[in-house]
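Architecture at a glance
For reference, the chains in residue letters:
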Amino acid sequence: MSKKRITIPVFIPHIGCPHCCVFCNQWRVTGSSSQPNMPAVAAVIEKYLSAVSTSVEKVELAFFGGSFTGIEPELQERYLSWIQPYIEKGEISSIRVSTRPDYITGASLALLKKYHVETVELGVQSFDDEVLEASGRGHSSDDSVKAVKLIKESGFRSGIQLLPGLPKDTPQKSVRTAEITVSLKPDDVRIYPAVVLKDTALETLFSSGDYTPMTIEETVELCSVMYGMFYENGINIIRMGLHPMDFTEGDNPVVAGPYHPAIGFMIKSRYRRRALETLFKDWRSEHSDSRPVSLLLPGKNREEFIGMNRENIFYLKEKFFLTDIVCKYTDNSEPSIQ
Ligand code: SF4
């Protein structure tokens, strides 16, 4: 069985962030509005460590939710120093922080290096300046390019977070953003399709009709193209879509937009469907009958190829006029038709 990695999340909502991006309501997304103290962080760490099995090869701690390098340096050092005993004992092997592109400097990276931070993730959101301005980001795409380069040159692993579907965004701009991302060769990407959360400026824009979020179908189609670009270039896609939120009825923070707990799977499955379509198109060019066919799928990704409720199989049957598609599984990495 392959060895796993786990990430211990520590949320620091809005610490270090004087900005108010139109889409952001960190308190609601993280479900927390209080800043962590040492006993609280230690309790989270102990809870995770007590559940680590022998199949886990790497334990990472991640500070999520704020702009880490925007916090006063003394407080950054305090947070990071709490983790050092676990690193010295080998119980935690690395630290990940997330921050804004315009909060990256040589000095801020030197501080992170001193405390064994391994990965620096940037909330890039888009590489289009019009989108960044309409979203209240307060930095340019050039700031992001420079920050990613500096992070990599300083010897850190790098991560880029993208938010397709923001105000003034288009599918073409999002694909261009993915192209620039690929050219920067980050280690990790996250794709968070923009959703309208309660108590954000985006909610006001949505209510006044000045912003229309993408539908689930538009999101799946666009993000499957972006996913394919990253996947085919060996970039690690660590998340697509917001984490499933635990809310009671009447307290749903999502006002509108493409929020779905399985959106990541739906995106991967659309990407796989495109590969199967190409395969069936080639097959169809040499076969005109509608007899049942046997489709040999890589066992490892079988669910993604088949799709939710077998939707990819139904789609292919209809599109290529087939009476049936019988799925079989193989160790091969590519699908084929028998
Ligand atoms: S997205 Fe980041 S930079 Fe923008 S308001 Fe939220 S925490 Fe601040």
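Residues numbered from 1 in each chain as written. Predicted model: local features only at pLDDT ≥ 70, side-chain atom pairs only at ≥ 80, totals over all residues.

**Describing the overall build of the protein chain**
Assigned secondary structure in the protein chain consists of 12 helices and 12 strands. For 338 residues, the compact-globule formula gives about 20 Å, and the C-alpha radius of gyration of the protein chain, at 22 Å, lands near that figure. The C-alpha extent of the protein chain, read off along each of the three principal axes, is 70 × 55 × 45 Å. Expressed as a percentage of its 338 residues, the buried residues of the protein chain come to 37%. (Helix = DSSP H or I, 4+ residues; strand = E, 2+ residues; numbered from the N terminus. Rg over C-alpha atoms; globule rule 2.2 N^0.38 Å. Buried ≥ 20, exposed ≤ 12 C-beta atoms within 10 Å, placed from the backbone.)

**Remarks on the nonpolar core**
The nonpolar side chains of soluble globular proteins are, as a tendency, buried together. Core analysis: the largest hydrophobic core is formed by 61 residues, its most contacted members being C223 and I267. Apart from residues no more than four positions distant in its own chain, C223 is found in contact with P164, I191, P193, M240 and I267. (Core = buried A, V, L, I, M, F, W, Y, C linked by C-beta atoms within 7 Å. Contact = placed C-beta atoms within 7 Å.)

**A closer look at the sheet that holds strand β12 (residues 336-337)**
Pairing is mixed in the open sheet, where three strands are placed in the order β11-β10-β12. Each edge of the open sheet carries a strand with a single partner, namely β11 (325-330) and β12. Here strand β10 (residues 293-298) runs beside β12; their pairing, made up of two bridges, is antiparallel. Looking at the pairing, L296 lines up with S336 of β12. (Pairing = 2+ DSSP bridges.)

**Details of the sheet that holds strand β1 (residues 4-11)**
In spatial order, the strands read β1-β2-β3-β4-β5-β6-β8; together these seven strands make up an open sheet with parallel pairing. At either margin of the open sheet sits one strand with a lone partner, and together these are β1 and β8 (236-240). Pairwise comparison of adjacent strand axes, ignoring direction, gives a mean angle of 20° for this sheet. With eight bridges joining them, β1 and strand β2 (residues 56-64) adopt parallel strand pairing. By the bridge assignment, T7 is partnered in β2 with E60. Docked against the sheet, helix α2 (residues 38-50) engages β1 and β2, running at close to 160° with respect to β1. (Axes fitted to C-alpha atoms, helices over the stretch in contact; angles between N-to-C directions.)

**What about the domain arrangement of the protein chain?**
Segmentation of the protein chain into domains returns domain 1 (4-189) and domain 2 (282-337). When each unit is reduced to the centre of its C-alpha atoms, the spacing between domain 1 and domain 2 is 40 Å. (Domains from an automatic or database assignment.)

**Description of the environment of Y48**
Looking at where Y48 falls in the secondary structure, it is placed in helix α2. Judged by C-beta crowding, with 18 C-beta atoms within 10 Å, Y48 ranks as partly exposed. Excluding residues within four positions of it along the chain, Y48 makes contact with I6 and I8.

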